[in-house]
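Report on the structure
Residues per chain, in single letters:
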Amino acid sequence: MKIKGLGSVMKKILVVYNPYSGNQKNIVAKINNIKKIALRKKYLVDFIETKKRCDATKIIENLDGTYDLVLSMGGDGTFNELVRGNVNRKKPFLLGHLPVGTTNDLKTSFGLSNNVFSSFKKILNGKEVSYDILSINNVPFTYTAGFGKLLNIPYETSKQDKLKFGYFAYINNGIIDLLTKKTKLYHVNYEIDGVKTFIKTPLVLISNANKVAGMRFYHDAKLNDNKFEVLIANTGSVIKLAIGFLSIKLLKKSKYYKLIKTDNIKFSISDNDFKNWCIDGEKLEQRPNTYDVKIMQKIKCKVSNKAENYN
C-alpha cells in the first residue's frame, strides 16, 4: 500500500491487545502513539482488542495473510494465546510481543522493557530469530510450566489484585502461602529418553526463558537450541528451597534441586490432590496422570537487537 508523501510500499502490523493486562491507562493514547511511531517507520498498524480468554488464539487462527508482523500487547499469557493460534496455521506469522502485563518475564527473553513505546521501536529496528515452542500434552506454551509449591499463585491471584497491586499481589499471596500452608511432597516418576526416575518433590519447574517469576534460574539457557531446562526440588523444607534458589543464582547449582537440560520429559503423578499445572501464568485445565513435555516446533519472532541467548 502506498501512502501519499511516503513514496514506498507500507508494511502492515497487527497488534492484538488485552486491555486488562497489567495496569494499563490511557489505552487510546497508547494506540495513537504507536500508530505515529509506526508511520514514521513506514508501517501501518491495525489493532484488535481481546474481550475474553483465548480471544487472541481465535483472532490469529482466522487472520488472512496480509500482515508482515503480528504483535501481542498484554501479559505473558496474551503472547501464549497468540502462539497457540499461530502454531495451528498452515502459514504462521512472524510474531512479536509488547509487554504490559504484571510480571513480564518474556521482556527479558526478547530484550525489551516495560515501556511499550520503547519496546515497539526496538522490535521495528530489531532482528528476526527462531524461538522454541514447548508443549505439555500437545498444549503449547512459550516459556514456563510447572506444578507444586507457589506455582498455583499466578492463576489463583485475582485480576482485581493484579490491577491494584501489580507484581506485589503475587508476592503477598506467595508469602501467605509460605507462612500458612504446609509444603506437600508429591510422588512423581519422570522419564527422559526411556530412563525412569522416582522422586518425592514439592516443586517442578520447566522453562525456556531467561527469567521466570522475575528470577534467573538458568545462566546458560538458549531459547532456540531444541532444549529446555527442568528444575526439580528434592526437599520439602521451605528454608532449604529458598537457600537453593539463592545458591542457583549465585553458584549456578544447588544440592536441593536437580537441574536438567533435555528435549523431552514425561511426568507421572500418583497424587490426586496436587494443584493444576501452571503454564505461562495460567491454569492448565487438563488433569491426567501423565504429562508429556517436549519441543513442539520453532516459530519466527521479531525481538530487540540486544536480545541474548539465541544461537
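Below, the structure is looked at part by part. Everything numeric here is computed off the predicted structure, so don't read it as measured data.

Some details on unusual backbone geometry
Phi at Lys42 is positive, roughly 65°, even though this residue is not glycine. Within the fold, Lys42 resides in the loop between α1 (27-40) and β2 (43-49). Positive phi, normally seen in glycine, also occurs at Cys54, with a value near 75°. Positionally, Cys54 belongs in the loop between β2 and α2 (55-61).

Some remarks on the sheet that holds strand β7 (residues 144-148)
Pairing within the open sheet is antiparallel, and its six strands lie in the order β12-β11-β10-β7-β14-β15. One side of each edge strand has no neighbouring strand; the edge strands of this open sheet are β12 (257-262) and β15 (282-283). Bridge count between strand β14 (residues 278-279) and β15: two bridges; the pairing is antiparallel. By the bridge assignment for β15, Cys278 is matched with Lys283. Its contacts with the sheet place helix α9 (residues 238-251) against β10 (203-207), β11 (228-233) and β12, and it is angled at close to 50° to β12.

Here we look at the pairing of β10
With five of its five residues buried, β10 lies for the most part within the structure. As paired elements, β7 and β10 share five bridges and run antiparallel to each other. When the bridges of β10 are listed, Phe147 appears paired with Val204. Bridge analysis of β10 against β11 gives four bridges, and the strand direction is antiparallel. Its bridge partner lying in β11, Val204 is registered against Ile232.

Describing the packing of α1 against helix α5 (residues 116-124)
Here α1 crosses α5 at 30°, and the two axes come no closer than 10 Å. The angle between α1 and α5 falls in the class roughly parallel. Crossing of α1 over α5 shows right-handed handedness. Facing α1, whose interface residues are Lys30, Asn33, Ile34, Ile37 and Ala38, α5 presents Val116, Phe117, Phe120, Lys121 and Leu124. In the contact of α1 with α5, the residues fall into seven nonpolar, one polar and two charged.

Thoughts on a positive patch on the surface
Positive charge collects at one region of the surface, where Lys36, Arg40, Lys41 and Lys121 lie side by side. Structurally, Lys36 can be placed in helix α1. On the accessibility criterion, Lys36 (51% relative accessible area) is exposed.

Things to note about the environment of Lys91
Within the fold, Lys91 resides in the loop between α3 (76-86) and β4 (95-99). What makes Lys91 exposed here is its relative accessible area of 69%. Through-space distance from the C-alpha of Lys91 to that of Gly75 is 25 Å; in sequence the pair is 16 residues apart.

Focus on the packing of aromatic side chains
Inspection of the entire model under this criterion finds 12 aromatic pairs. On the numbers, 6.3 Å between centres and 90° between planes, the contact of Phe274 with Tyr291 is edge-to-face. In this pair, Phe274 is assigned in the loop between β13 (264-269) and β14 and Tyr291 in strand β16 (residues 290-303), connecting sequence segments 17 residues apart. By relative accessible area, which is 4% here, Phe274 ends up buried. Taken together through their ring pairs, the aromatic side chains of Phe147, Tyr186, Tyr190, Phe267, Phe274, Trp277 and Tyr291 make up a single cluster. If you follow Lys12 out to its NZ or CZ, it ends over the ring of Tyr67, 4.9 Å from the centre. Between Arg287 and the ring centre of Phe274, over which it is positioned, the NZ or CZ distance is 4.8 Å.

The rules behind each value
- Residues numbered from 1 in each chain as written.
- Predicted model: local features only at pLDDT ≥ 70, side-chain atom pairs only at ≥ 80, totals over all residues.
- Heavy atoms only, no water.
- Helix = DSSP H or I, 4+ residues; strand = E, 2+ residues; numbered from the N terminus.
- Pairing = 2+ DSSP bridges.
- Contact = heavy atoms within 4.5 Å.
- Axes fitted to C-alpha atoms, helices over the stretch in contact; angles between N-to-C directions.
- Buried < 20%, exposed > 50% of the residue type's maximum accessible area, 1.4 Å probe, protein only.
- Parallel < 35°, antiparallel > 145°, perpendicular 65-115°, else oblique.
- Left-handed = near helix turned anticlockwise from the far one by under 90°.
- Nonpolar A, V, L, I, M, F, W, Y, C, P; charged D, E, K, R; others polar.
- Patch = residues over 30% accessible without salt bridge, like charges linked within 9 Å, V, L, I, M, F, W, Y side chains within 5 Å.
- Areas by Shrake-Rupley, 256 points an atom, 1.4 Å probe, with all protein chains shown as cover.
- Salt bridge = Lys/Arg side-chain N within 4 Å of Asp/Glu carboxyl O.
- Lys, Arg positive; Asp, Glu negative; His and termini not counted.
- Charge placed at Lys NZ, Arg CZ, Asp CG, Glu CD.
- Phe/Tyr/Trp six-rings, centres within 6.5 Å; stacked < 30°, edge-to-face > 60°.
- Lys NZ or Arg CZ within 6 Å of the ring centre and 35° of its normal.

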